[in-house]
Amino acid sequence: GAGVSQSPSNKVTEKGKDVELRCDPISGHTALYWYRQSLGQGLEFLIYFQGNSAPDKSGLPSDRFSAERTGGSVSTLTIQRTQQEDSAVYLCASSPYSSGGADTQYFGPGTRLTVL
Amino acid sequence: TQLLEQSPQFLSIQEGENLTVYCNSSSVFSSLQWYRQEPGEGPVLLVTVVTGGEVKKLKRLTFQFGDARKDSSLHITAAQPGDTGLYLCAGATSNTGNQFYFGTGTSLTVIP
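A few points on the structure. (Residues numbered from 1 in each chain as written. Chains lettered and ligands numbered in written order. Predicted model: local features only at pLDDT ≥ 70, side-chain atom pairs only at ≥ 80, totals over all residues. Heavy atoms only, no water.)

Before going further, it helps to examine the state of the cysteines. Here, disulfide denotes a covalent bond that connects the sulfur atoms of two cysteines. Per the stated rule, a full pass over the model turns up 2 disulfides over all chains. Between the sulfur atoms of Cys23 of chain A and its disulfide partner Cys92 of chain A the distance amounts to 1.8 Å. One disulfide, between Cys23 of chain A and Cys92 of chain A, carries an S-S torsion of -65° and so falls in the left-handed class. Here Cys23 of chain A is found in strand E3 (residues 19-24), whereas its partner Cys92 of chain A is found in strand E8 (residues 88-95), with 69 residues between them in sequence. For the pair shown, Cys23 of chain A and Cys92 of chain A are each scored as buried. In this model Cys23 of chain B forms its disulfide with Cys89 of chain B; the gap between the sulfur atoms is 2.0 Å. Taking the sign of the S-S torsion, 75° for the link of Cys23 of chain B and Cys89 of chain B, the bridge is right-handed. (Disulfide = S-S within 2.5 Å. Helix = DSSP H or I, 4+ residues; strand = E, 2+ residues; numbered from the N terminus. Buried < 20%, exposed > 50% of the residue type's maximum accessible area, 1.4 Å probe, protein only.)

For the largest pocket, the calculated volume is near 400 Å³. Contributing to the lining of the largest pocket are 22 residues, with Gly40 of chain A together with Gln37, Glu38, Pro39 and Gly40 of chain B lying nearest its centre. Put simply, the parts of the chain that give the lining of the largest pocket at least two residues each are strand E9 (85-92) and strand E11 (106-111) of chain B. The element best represented in the lining of the largest pocket is E11 of chain B, accounting for 3 residues. (1 Å grid on protein atoms, 1.4 Å probe; cavity = no way out; pocket = protein on both sides within 12 Å on 5 of 7 lines; lining within 4 Å. Points joined across faces, edges and corners; volume = space filled by probe spheres on them.)

Residue and element names in this part refer to chain B. With respect to the helices, strands and loops of the structure, Arg60 is situated in the loop between strand E6 (55-58) and strand E7 (61-65). Distance in space between the C-alpha atoms of Arg60 and Asn18 is 9.7 Å, their sequence separation being 42 residues. When sequence neighbours within four positions are dropped, the list of residues in contact with Arg60 reads His75, Ile76, Thr77, Ala78, Ala79, Gln80 and Asp83. A polar atom in the side chain of Arg60 sits 2.9 Å from the side chain of Asp83. (Contact = heavy atoms within 4.5 Å. Polar contact = N/O pair within 3.5 Å; in protein donor to acceptor, adjacent residues only side chain to side chain.)

Turning to the sheet that holds E3 of chain A, a few remarks are in order. Residues and elements named next belong to chain A. In spatial order, the strands read E1-E3-E7-E6; together these 4 strands make up an open sheet with antiparallel pairing. Because the sheet does not close on itself, it has two edges, and the strands there are strand E1 (5-7) and strand E6 (65-69). Strand-to-strand, the axes of this sheet are offset by a mean angle of 15°, without reference to chain direction. In the sheet, E3 pairs with strand E7 (residues 75-79) via 5 bridges, with the strands oriented antiparallel. Bridge pairing in E7 places Arg22 opposite Thr76. (Pairing = 2+ DSSP bridges. Axes fitted to C-alpha atoms, helices over the stretch in contact; angles between N-to-C directions.)

For the rest of this paragraph, the subject is the interface of chain A and chain B. Think of interface size as the accessible area that goes away when the parts come together; that is how it is often given. Of the residues lining the interface, 23 residues belong to chain A; the matching set on chain B comes to 23 residues. Approximately 1700 Å² of surface area, both sides summed, lies buried where chain A meets chain B, with 49% of it carried by carbon and sulfur atoms. Seen at the junction of chain A and chain B, the total is 0 salt bridges. Where chain A touches chain B, the interface holds 3 residue pairs in polar contact (both at pLDDT 80 or more). Of all the elements in the fold, those that place two or more residues in the side of chain A that touches chain B are strand E4 (31-37), strand E5 (43-50) and E8 of chain A. Partitioned by chemical class, the residues of the side of chain A that touches chain B number 10 nonpolar, 11 polar and 2 charged. (Buried area = accessible area lost by both parts, 1.4 Å probe. Salt bridge = Lys/Arg side-chain N within 4 Å of Asp/Glu carboxyl O. Nonpolar A, V, L, I, M, F, W, Y, C, P; charged D, E, K, R; others polar.)

If you want it as structure tokens, here you go:
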């Protein structure tokens, strides 16, 4: 079946511009996560959506970052007034929700963002 | 604040050697996962451990969860070039529920 897809795969933008990154999760998965990864480093949690609950935005680094999830499916991460330090790979993951707290996260291939 | 620290950060070994990667924290985790990530791709889950002291084996990979559920190790026997990649541990604390916090990563290169 189809996995998690992200678009675009690469995005080059100029400092100060806004960008939108898209994530299409696996159908039926109620949980969706956004992470940021600097070159060769671990993943930095950004935001978590679970069903119709209010999202956990505790990982967003500044108010320039926001995310939406429409209809419990597709999600968009928006970065306003991009800065060079925003350059990274942005990864999206989805998982079927269970109460056990040990769900598998299925990751997309990521969007590589470069801010010039 | 980084909840999970991995060591070593980089590891380069010859094919056939054994290695161990460590994932340490001062926090207690309800569950811990290990992922492997190859260049240009997202991480792929290898294993989930949930019980203190638990040991899981996946072919040449052995995963152990510390008794106190604060640390974990990944041991690879007779490493092969196909094991090359970035290894990431990820833990969920009891108050984050289904949210996982990732470690700093260990980049492994196995030289043929």
